[in-house]
Amino acid sequence: MADLAMLLHPDGEETLAKDIQDFNRLTHGRFNNLQLLDYYLKIKGLQFVDLHTSSSNYVRTYLMKPTKIKLNYSETVLFYEKFLNMPQAMGINATSDFEF
């Protein structure tokens, strides 16, 4: 999980901790921090990590496991609005390696 956390939050643990705290408020404290971290890393990781080329076998295996919690509909919508619409931390220019 630490490798995935660093990939998704290169700014450090402080920004990840702030996001988990915000996520806890979003769910009204229904889950503990480890459950929220698991959900956050898996859902956000699936959005940003290319499972076919750039991730380790451990990260792929972790991301393909089901989350430990399920959010209700309104929580899911708020989660996607708050955390998945954020700009990607690191991008890869898909056209830079190709010559036309």
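Structure first, text after, so check above.
Residues numbered from 1 in each chain as written. Predicted model: local features only at pLDDT ≥ 70, side-chain atom pairs only at ≥ 80, totals over all residues. Heavy atoms only, no water.

### Focus: the side chain of Asp38
Piece 1. Secondary-structure assignment places Asp38 in helix H3 (residues 33–48).
Piece 2. Among residues more than four places away in sequence, those in contact with Asp38 are Tyr62, Pro66, Thr67 and Lys68. (Helix = DSSP H or I, 4+ residues; strand = E, 2+ residues; numbered from the N terminus. Contact = heavy atoms within 4.5 Å.)

### Digging into helix H2 (residues 13–26)
The α-helix winds at 3.6 residues per turn, so residues separated by three or four positions along the chain end up facing the same way.
Piece 1. Taking 1.5 Å per residue, 14 residues should reach 20 Å; H2 reaches 20 Å between its end C-alpha atoms and fits that length.
Piece 2. Of the positions making up H2, those classed as buried are Leu16, Asp19, Ile20, Asp22, Phe23 and Leu26. Down the axis of H2, the sector holding all buried residues measures 160°, keeping them to one side. The exposed set on the far side of H2, more than 90 degrees from its buried face, consists of Glu13, Glu14 and Arg25.
Piece 3. Here the buried face of H2 lies against helix H1 (2–8), H3 and helix H5 (73–84). (Expected span 1.5 Å × (residues − 1). Buried < 20%, exposed > 50% of the residue type's maximum accessible area, 1.4 Å probe, protein only. Arc of directions from axis to C-beta.)

### Remarks on the packing of aromatic side chains
Piece 1. Going through the model one piece at a time under the given rule, you end up with 8 aromatic pairs.
Piece 2. Between Phe23 and Phe83, the ring centres sit 5.9 Å apart and the planes meet at 65°, which makes this aromatic pair edge-to-face. Taken together, the residues span a long stretch of sequence, with Phe23 in helix H2 and Phe83 in helix H5 at a distance of 60 residues. Assigned by exposure class, Phe23 and Phe83 land together as buried.
Piece 3. Relative to Phe83, the ring of Phe79 lies with its centre 5.2 Å away and its plane at 45°, an arrangement referred to as tilted. Of this pair, Phe79 and Phe83 both sit in helix H5, separated by 4 residues, roughly a single helical turn.
Piece 4. Among the aromatic residues, those joined into a cluster by ring pairs are Phe23, Tyr39, Tyr40, Phe79, Tyr80 and Phe83.
Piece 5. For the cation-ring pair, Lys42 lies above Tyr62, with the distance from its terminal atom to the ring centre recorded as 4.8 Å.
Piece 6. Here the guanidinium or amino end of Lys82 rests over the ring plane of Phe83, the centre of that ring lying 5.7 Å away. (Phe/Tyr/Trp six-rings, centres within 6.5 Å; stacked < 30°, edge-to-face > 60°. Lys NZ or Arg CZ within 6 Å of the ring centre and 35° of its normal.)

### Description of the layout of surface pockets
Piece 1. Quantified by volume, the second largest pocket comes out at close to 210 Å³.
Piece 2. Counting residues per element, the lining of the second largest pocket draws most heavily on H2, which supplies 5 residues. (1 Å grid on protein atoms, 1.4 Å probe; cavity = no way out; pocket = protein on both sides within 12 Å on 5 of 7 lines; lining within 4 Å. Points joined across faces, edges and corners; volume = space filled by probe spheres on them.)

### Observations concerning the packing of H3 against H5
Geometrically, a packed helix pair is captured by the angle between its two axes and the distance between the axes.
Piece 1. Where H3 contacts H5, the axes come no closer than 12 Å and their chain directions differ by 60°. Considering their axes alone, H3 and H5 lie oblique with respect to each other. Every pair of crossing elements has a handedness; the one defined by H3 and H5 is right-handed. Facing Tyr39, Tyr40, Ile43, Lys44 and Gln47 of H3, the residues of H5 in contact are Thr76, Phe79, Tyr80, Phe83 and Leu84.
Piece 2. Here the contact of H3 with H5 is composed, by residue class, of 7 nonpolar, 2 polar and 1 charged. (Axes fitted to C-alpha atoms, helices over the stretch in contact; angles between N-to-C directions. Parallel < 35°, antiparallel > 145°, perpendicular 65-115°, else oblique. Left-handed = near helix turned anticlockwise from the far one by under 90°. Nonpolar A, V, L, I, M, F, W, Y, C, P; charged D, E, K, R; others polar.)

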